[in-house]
Amino acid sequence: MKNYFLFLMLASASLMATNKDSLQSPPVFKALPLWESLKDDCDACGCSASGGSMGFASMLNNNFIGLRYFYQSYRSNDGLYSNSPWYDETFNTVQVWSRIPLSSKIQVSALLPYHFHERATATGKQSISGIGDVTVLGLYEIYQTKNDSAKFSHKILLGAGVKVPLGKFDEANNGSVNPSYQLGTGSWDYLISADYVIKRNRFGLNTMVNYNLKTENQKNYRFGNQTNYAATFFYFHESSKFTLVPQLGVAGEIYESNSQHGQKVRNTAGNILLSKVGFEVGKNKFSLGANAMIPITQNLNAGNVEARYRWSINLNYAL
């Protein structure tokens, strides 16, 4: 039944795709050593809004299905003159997300986004909307503390996945200050992920890192590889009526340069470190969560793109 449900999610996403150019046959995947790929992109917004530093999991429920909305605020500047104007950009995503158990040690996360973005330009406002790229991530539990009397409990998950290019890629947006003003990358991309959770009594720390290896799309454009990481402290407060989990932490993103026709595109690399605060509250099988993120330090697109803040809210049902 769970496999059938996951198949239905992916099938419905395929039917909703509106741009045939975005969906291409997956290229041959060549693995690269992780340490050789951690360099410098600015796929920070728009089509990259598929989880990233927001994470792929719930603190309350190991396995769930739910809806998540997140909002990102940016502004951009062409950098040609010292007094060049700044233009506001807003990125909105509604996402069906889930983590489904296939066995006692194997789980599958799936993300199906719908984007609706808007930005100001010298000639007026622009807006785009539509289905985004689907992400499917398989996770394997390699270790979990079994001794209930241990002072600390540990859990480690490793995973790998793929991002399917269902979102529309508009080649005309490549020349804009923020080339990530897209619904999708137009390329098959691959993910490597690791989660580690350590707990003592009601306190805990959740750390995660995921690396997104991107390929060239049919328009000969390639978004740079992307690394997301986060560390979140949390506390479990349980009562007879509900469970509350406040959270506090940091999240970061590292972007490599985009390329077109095999040539590096200038001013498309970057990095950002954000503060993160949020909570989850659960009752019976339902849980409600919210997060807010504010930049601590950033350098995106050689300073021509500035992240302002992000926030998200989600409603989940435990499986």
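Our subject is the structure that appears above.
Criteria and cut-off values
- Residues numbered from 1 in each chain as written.
- Predicted model: local features only at pLDDT ≥ 70, side-chain atom pairs only at ≥ 80, totals over all residues.
- Heavy atoms only, no water.
- Helix = DSSP H or I, 4+ residues; strand = E, 2+ residues; numbered from the N terminus.
- Buried < 20%, exposed > 50% of the residue type's maximum accessible area, 1.4 Å probe, protein only.
- Areas by Shrake-Rupley, 256 points an atom, 1.4 Å probe, with all protein chains shown as cover.
- Phe/Tyr/Trp six-rings, centres within 6.5 Å; stacked < 30°, edge-to-face > 60°.
- Lys NZ or Arg CZ within 6 Å of the ring centre and 35° of its normal.
- Salt bridge = Lys/Arg side-chain N within 4 Å of Asp/Glu carboxyl O.
- Pairing = 2+ DSSP bridges.
- Polar contact = N/O pair within 3.5 Å; in protein donor to acceptor, adjacent residues only side chain to side chain.
- Core = buried A, V, L, I, M, F, W, Y, C linked by side-chain atoms within 4.5 Å.

1. A short note on the overall build of the protein
A tally of regular secondary structure across the protein gives two helices and 17 strands. Within the protein, the proportion of its 319 residues that are buried is 49%. Approximately 15500 Å² of the protein is accessible, and the part contributed by carbon and sulfur atoms is 59%.

2. Overview of the packing of aromatic side chains
Applying the stated criterion across every chain, the model contains twelve aromatic pairs. Sitting over the face of the ring of Y181, R119 holds its NZ or CZ atom 3.9 Å from the ring centroid.

3. Re the pattern of salt bridges
Within the structure shown, the criterion is met by nine salt bridges. With its nearest N and O atoms 3.8 Å apart, the salt bridge here joins K125 to E118. Judged by relative accessible area, which is 68%, K125 ranks as exposed.

4. Some remarks on the environment of I254
Structurally, I254 can be placed in strand β12 (residues 243-255). On the basis of relative accessibility, which here comes to 27%, the residue I254 falls in the partly exposed class. Separated by 18 residues in sequence, I254 and I272 place their C-alpha atoms 6.7 Å apart.

5. Comments concerning the sheet that holds strand β13 (residues 259-260)
Strand order in the open sheet formed by three strands is β9-β13-β14, with antiparallel pairing between adjacent strands. One side of each edge strand has no neighbouring strand; the edge strands of this open sheet are β9 (221-222) and β14 (263-264). Looking at chain direction, β13 and β14 are connected through two bridges and run antiparallel. The residue of β14 that forms the bridge with Q260 is Q263.

6. Some details on the side chain of H117
Among the secondary structure elements, H117 is positioned in strand β3 (residues 106-121). One polar contact links the side chain of H117 to the main-chain amide nitrogen of N92, over a distance of 3.3 Å.

7. What about the pairing of strand β2 (residues 87-101)?
Extensive coverage of β2 is indicated by the burial of eleven of its 15 residues. In the sheet, β2 pairs with β3 via 13 bridges, with the strands oriented antiparallel. Across the sheet, P101 pairs through a bridge with Q107, a residue of β3. The loop that links β2 with its antiparallel partner β3 comprises four residues.

8. Quick word on the nonpolar core
With 13 residues, the main nonpolar core has Y74, I272, L300 and A307 as its most contacted residues. Elements with a contribution of two residues or more to this core: β12, β15 (270-283), β16 (286-300) and β17 (305-318). Grouped together as the second largest cluster of nonpolar side chains are nine residues, V108, I131, V134 and L166 included.

9. Describing the pairing of strand β6 (residues 153-164)
Judged from the ten bridges that link them, strand β5 (residues 134-144) and β6 form a sheet pairing that is antiparallel. When the sheet's bridge partners are listed, T135 is paired in β6 with K163. Judged from the eleven bridges that link them, β6 and strand β7 (residues 189-200) form a sheet pairing that is antiparallel. Within β7, the residue paired with K155 across the bridge is V197.

10. Quick look at the side chain of S84
Secondary-structure assignment places S84 in the loop between β1 (64-76) and β2. S84 gets classed as buried once you look at its relative accessible area, which sits at 6%. Reaching out from S84, the side chain makes a polar contact with the side chain of D78 at a distance of 3.0 Å. Separated by 2.9 Å, the side chain of S84 and the backbone nitrogen of Y81 make a polar contact.

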